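Report on the structure
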Amino acid sequence: MPAINLLDKETINKIAAGEVVERPGAVVKELVENAIDANSSAITVEIKDGGLSLIRITDNGCGMEKEEIPKAFLRHSTSKISSAEDILTVGTLGFRGEALSSVAAIAQVELLSCTPRSISGSRYVIEGGVEKSLGDAGCPRGTTFLVRNLFYNAPVRKKFLKSNMTEGTYINGIIEKFAISHPGIAFSFIMNNQRKLVTSGNGNQRDVIYQVYGRDITANLLKIEWEDKENGLALRGYTGNPSIVRGNRNYMNYFVNGRYIKNNVINHAIEQAYAPYVMGRKYPFCVLELLIDAKRVDVNVHPAKMEVRFDESEIIHDFIYDAINSALKEKELIRNVNLNTAKEELKEKKERETEHKKEVVNRSFAEPFEEQYKKSINVKEKKEEAGGSIPLMRESHTYSEPSQMDFLDSPLLSPEARKRHKIIGQLFETYWIVEYEDKMFLIDQHAAHEKVIYEKKLKAYRERERFSQVITPLILTLGMQEQEAVLRHKDFLSQIGFEIEHFGGDEYVIRGVPADLSGLNEKEVFLEFIDGFLDEGNKFEPESILAKLASISCKAAVKGNRKLSLIEAQELIDSLMELENPYNCPHGRPTIISMSKYEIERKFKRII
Ligand code: ADP
Ligand code: MG
């Protein structure tokens, strides 16, 4: 084995920097935390080239004495705690004493600082962990950090970074979170000489939410003020109406004692409270601050301090759930009394009907089919999302295999055969019964329509045809990440029919939407797309284009539980039959199932 070396200070710091500073945003986060801990009431952040060439953080906080400055850049040097027990009660955002040493190890850092007591300020320069100079300098009260050429001595790290634009957007997101969690501090963010965010620091959180998220969201907020004195818990802030839910968790902001974190217990509590009001994978908007005795939360779980651990997570979970649940309920009670009762009645009626159906099915199918019936009920439960399908036909073997075999031996699709289809009628306002020779076909109108639209869209997309429909212009306020997604995918958006233009500031105007979508909530559909892009990050694969087309088709398609006229149905079935593969919707569900006359006769025991 080679000889064992003791690493020098610079090497140790550089290694440690890998954990604390994995991207420019982490530098910004650490330095802004320091500025907040220094009791600043105004903080300016400026970056250039995604933070790589320059990060400047200026605050008006307590400043640092000249002789303290070199110390602050040592590893594990901090003024915030003095012993391990202090971590238990730490009230500041920082406490690990690692940020300055880490940042200085992988960048060229210049610091200007002045305390209220000193006459002149100090200037300190440290590059790659090596001290260059310390002297006096005239400067205003507070501290300025200039971090230049980040990762200049760590080329491998630099290679793994995303584009400057992405890093800049990420930093913008960090500043937004700081601004909404600290409305009493005036934040200003400048990117490539452009001012991106300015908050007043007047202490009004709603104002900051307005500045960051715009008019729409601000108009849809419910105030939360909830307390559990016994457990020493308080929750404050705003939560969004269920009408402004989004497709990912980017809009779920919460802070624990002023610290922005991610936490599954909190996610779960919030999402559970919204579950009765939103469908599928939708996530609410919220800005919530949890106040809790510092002793009961472990903040020292992660070097970047992005995670915490609670000692009694169930209590916290239920507390947050109750707070949001009651805010949502209260809102429902005031505005929607009638609607709600009507809804409940409908639900009850449906339940009664389902019970009744189960009974009928059970009785008529007697013994031999019991097993199958049970299976079909399972299928139904699993498929609830797909629109409450009826178990009756699903049990037939054609469910699992919407067997193309069936179609092969009865050429349902040939133009010749189509003339002889007999449409019997609509079942449960959702399925069409078609008789053809000695078979009965059931066609799911939603799945069928979805498939027809999907194929049309796919063809148009491949042939670069564009079907857009002009709408009354819609103005949207987009966050920076969202703007970036719009820019990045503008060709795709335009190709599928969205017409979108920059309107000034953070506002965008939509003038056209994909042809079949008008009449739907166009804004929602558009935002869903953007959220999808954000979830996918940088990779936008061909499958994701297909998924997007499928999602438009699903929205544009006629829903179940809707009456269609015979002519409409005929048209729909005709277009479906023209497709190369009419058997499955783009999500893979069957569009057609069948049952032969033979099977039916067996079920009635006409044939044994
Ligand atoms: P930590 O924040 O965990 O204490 P850091 O390495 O981030 O560790 O900072 C080291 C010390 O430098 C801090 O404890 C604080 O005393 C001082 N410091 C850093 N930034 C500032 C600032 N903006 N204003 C005043 N003091 C600061
Ligand atoms: Mg710190």
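The sections below set out a description of the structure shown in this document. The numbers attached to residues start from 1 for each chain and follow its sequence in the written order. In the order they appear in the text, chains get letters beginning with A and ligands get numbers beginning with 1. Restriction of local features to residues with pLDDT of at least 70 applies here, the model being predicted, together with a cutoff of 80 or more for giving and counting side-chain atom pairs; totals for whole chains, interfaces and linings are based on all residues. Remark: hydrogens and water are excluded; side-chain values derive from all non-hydrogen atoms of the structure.

Two strands pair if DSSP finds at least two bridges between them. Helical segments are the DSSP runs of H or I of at least four residues, strand segments are the runs of E of at least two, and each set is numbered from the N terminus. Strand order in this open sheet of four strands is β16-β17-β18-β22, and the pairing throughout is antiparallel. Each edge of the open sheet is held by one strand with a lone partner, namely β16 (422-427) and β22 (592-596). The sheet shows a mean angle of 25° between the axes of neighbouring strands, taken without regard to direction. In the packing of helix α17 (residues 445-462) onto the sheet, contacts are made with β16, β17 (431-436) and β18 (439-444), and the angle to β18 comes to roughly 70°. Packed on one face of the sheet, helix α22 (residues 566-578) meets β16, β17, β18 and β22 and runs near 70° to β17. Axes, fitted as lines to C-alpha atoms, cover a helix only where it is in contact. Angles between the N-to-C directions of the axes lie from 0 to 180 degrees. Here, two residues are considered to be in contact whenever any of their heavy atoms come within 4.5 Å of each other.

What follows covers helix α1 (residues 9-20). Along its twelve residues, α1 runs 16 Å from first to last C-alpha, staying within 8% of the 16 Å computed at 1.5 Å per residue. Remark: exposure states derive from per-residue accessible area (1.4 Å probe, protein chains only) relative to the maximum for the residue type, with buried under 20%, exposed over 50%, and partly exposed in between. Among all positions in α1, only N13, A16, A17 and V20 are buried. Projected down its long axis, α1 carries its buried residues within an arc of 115°, all on one side. For α1, exposure combined with an orientation more than 90 degrees from the buried face picks out I15 and E19. Taken together, the buried residues of α1 touch α2 (24-37) and α5 (99-105). Expected span of a helix, by definition, is 1.5 Å for each gap between consecutive residues, and there is one gap fewer than residues. Directions pointing from the helix axis toward each C-beta atom define the arc.

Moving on: the pattern of salt bridges. Whenever a carboxyl oxygen of Asp or Glu lies within 4 Å of a side-chain nitrogen of Lys or Arg, that contact is scored as a salt bridge. In this structure the tally under the stated criterion is 27 salt bridges. Ionic pairing is found between R23 and E167, a salt bridge with its closest N-O pair at 2.9 Å. Of this pair, R23 sits in the loop between α1 and α2 while E167 sits in helix α7 (residues 164-181), and the two are 144 residues apart along the sequence. Take E167: its relative accessible area is 2%, and that puts it in the buried class. The salt bridge partner of K555 is E528, with a shortest N-O separation of 2.7 Å. Pair noted here: K555 is in helix α21 (residues 542-556) and E528 is in helix α20 (residues 522-536), with a separation of 27 residues, a long-range link. For K555, a relative accessible area of 22% puts it in the partly exposed group. Where salt bridges share partners, they join R75, R96 and E98 into one cluster.

Further remarks concern α22. Spanning 13 residues, α22 covers 18 Å between terminal C-alpha atoms, matching the ideal 18 Å at 1.5 Å per step. Among all positions in α22, only A569, L572, I573, L576 and M577 are buried. Taken around the axis of α22, the buried residues stretch over an arc of 130°, which confines them to a single face. In α22, the exposed residues that point more than 90 degrees away from the buried face are I567, E571 and E578.

These figures come from the coordinates and say nothing about function on their own.
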